[in-house]
Amino acid sequence: MHAIVMREFGGPEVLRTEEVPEPELRAGHVAVEVSLAGINYADMHVRGNTYLAPVDLPYIPGNEVMGTTDDGRRVVGLSRGGGYAERALLHRRVTWDVPDGIGDEQAVALALQGNSAWHLLFTTLRVTAGETLVVPAAAGGVGSLAVQLAAHAGVKVIALAGSEEKRKLAVDLGAHAAVDSTAGDLTERILEAAGGPVGAALEMTGGDTFHRTLDAVAPRGRLAVYGYAGGELAQVSTRLLMERSLSVSGFWLPQLYGDRTALPTSMRALFDAVEAGTLAPLTGARYPLDRAAQAHRDLAARTPTGKLTLDVRRRSAAPDSTT
């Protein structure tokens with residue numbers, strides 16, 4: 001089969017198309033003929049050797065897969081690598097049959113990013129109707145889903161995005177207001193848009209953005225961290241947390257893979273919301289398998305909106321690199 005293989009850590013150029021053996025079926029797993037592989041910031045951290053869990057080389061990236069089982073079931077699921085390939089193994093516990101009314105591109109956006117958005121809101125932050133929430137990267141994968149889920153739950157959403165187009169999209173998705181995430185006075189802009197300090201916030205950029213977002217959180221408020229896309233980890237003062245009685249929580253979806261109820265509950269809620277029309281995953285650019293490096297460049301530039309995917313069945317006329 002063809003797959004994207006990393007034999008070294010580094011920039012997008014380390015993502016090369018190779019012909020490799022098909023994965024051998026293991027107990028508790030199901031083999032899937034992959035149609036789409038989701039592209040996530042986690043994949044870039046893996047590539048740069050900054051991921052939370054170390055990986056051994058050579059390595060096939062990709063943790064989010066949409067495809068068909070050998071007995072013909074349409075499924076979406078999560079993996080610990082191996083998704084950027086024509087065939088992948090998914091553990092049965094994190095594999096779900098996709099309802100007929102949900103398309104492939106919608107489904108693949110729900111597995112990692114949809115489940116992350118749902119648990120960040122309703123398990124980690126426990127948002128409630130009437131309170132105010134900051135959502136970063138509000139036109140991106142997790143952010144766009146979080147905006148919709150929170151707004152539907154009656155939460156007042158202050159969306160952060162780096163362009164006027166993305167801010168307009170966030171408001172169209174249900175945000176109360178949208179703020180320029182690149183502004184040097186980000187804290188003041190959040191406070192103005194929210195009408196005062198916010199009760200809860202999501203954070204995935206790191207560095208100064210983390211601190212500016214935290215500064216906008218009210219005493220006894222909550223902030224959930226689920227990434228550091230800017231590449232700089234932030235340090236927080238325990239004195240500050242005590243003085244303002246703030247709660248800062250970390251979130252990493254793989255910690256829920258072994259829970260028998262958490263992901264089935266959220267996946268069912270996400271499917272139901274899509275079928276009811278209250279949640280619309282944003283489908284973004286779709287790249288041929290051999291353009292994985294370009295997909296990573298585009299994601300790093302934060303130019304696209306919506307869910308980026310690899311169509312593993314397609315090949316381009318001018319691949320990034322092949323061995």
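Whatever comes next refers back to the structure up there.
Structure report, in brief. Because the structure is predicted, anything quoted here is derived from the model rather than measured. (Residues numbered from 1 in each chain as written. Predicted model: local features only at pLDDT ≥ 70, side-chain atom pairs only at ≥ 80, totals over all residues. Heavy atoms only, no water.)

**Brief notes about the overall build of the chain**
- Assigned secondary structure in the chain consists of nine helices and 15 strands.
- Computed over its C-alpha atoms, the radius of gyration of the chain comes to 19 Å, within 12% of the 20 Å expected for a compact globule of 323 residues.
- Taken along its principal axes, the extent of the C-alpha atoms in the chain is 55 × 40 × 35 Å.
- Expressed as a percentage of the 323 residues in the chain, the buried residues total 54%.
- A total of about 13700 Å² of accessible surface is found on the chain, and carbon and sulfur atoms cover 49% of it. (Helix = DSSP H or I, 4+ residues; strand = E, 2+ residues; numbered from the N terminus. Rg over C-alpha atoms; globule rule 2.2 N^0.38 Å. Buried < 20%, exposed > 50% of the residue type's maximum accessible area, 1.4 Å probe, protein only. Areas by Shrake-Rupley, 256 points an atom, 1.4 Å probe, with all protein chains shown as cover.)

**A few points about the pairing of strand β15 (residues 307-311)**
- Burial runs high along β15: five of the five residues are buried.
- Residues Lys307, Thr309 and Asp311 point to one face of β15 and Leu308 and Leu310 to the other, with burial holding for every one of them.
- Pairing geometry for strand β3 (residues 29-38) and β15, over three bridges, is antiparallel. Each bridged residue has a counterpart across the sheet, and for Leu36 the counterpart in β15 is Asp311. (Pairing = 2+ DSSP bridges.)

**Examining the pattern of salt bridges**
- Considering all chains together, one arrives at 19 salt bridges under this definition.
- For the salt bridge of Arg286 with Glu105, the shortest nitrogen-to-oxygen distance reads 3.4 Å. In this pair, Arg286 is assigned in strand β14 (residues 283-288) and Glu105 in helix α2 (residues 104-124), connecting sequence segments 181 residues apart.
- Among the ionic contacts, a cluster of salt bridges with common partners joins Glu22, Glu33, Asp70 and Arg87. (Salt bridge = Lys/Arg side-chain N within 4 Å of Asp/Glu carboxyl O.)

**Remarks on the side chain of Ser79**
- Positionally, Ser79 belongs in the loop between β5 (74-78) and β6 (87-91).
- From its side chain, Ser79 meets the backbone oxygen of Gly62 in a polar contact 3.0 Å long.
- Leave out the neighbours within four places in its chain, and Ser79 touches Gly62, Asn63, Glu64, Leu89 and Leu90. (Polar contact = N/O pair within 3.5 Å; in protein donor to acceptor, adjacent residues only side chain to side chain. Contact = heavy atoms within 4.5 Å.)

**Observations regarding the packing of aromatic side chains**
- A full pass over the atoms with the stated rule returns two aromatic pairs.
- Both rings, one in Tyr51 and one in Trp252, keep their centres 5.8 Å apart while their planes meet at 70 degrees; by these two values the pair is edge-to-face. Residue Tyr51 is found in the loop between α1 (41-47) and β4 (64-69), and its partner Trp252 is found in the loop between β13 (247-250) and α8 (262-276); the two are separated by 201 residues along the sequence.
- For Trp252, a relative accessible area of 23% puts it in the partly exposed group.
- A ring pair is formed by Trp118 and Phe122, whose centres lie 5.3 Å apart and whose planes are at 65 degrees; its orientation type is edge-to-face. Of this pair, Trp118 and Phe122 both sit in helix α2, four residues apart, which is roughly one turn of that helix. (Phe/Tyr/Trp six-rings, centres within 6.5 Å; stacked < 30°, edge-to-face > 60°.)

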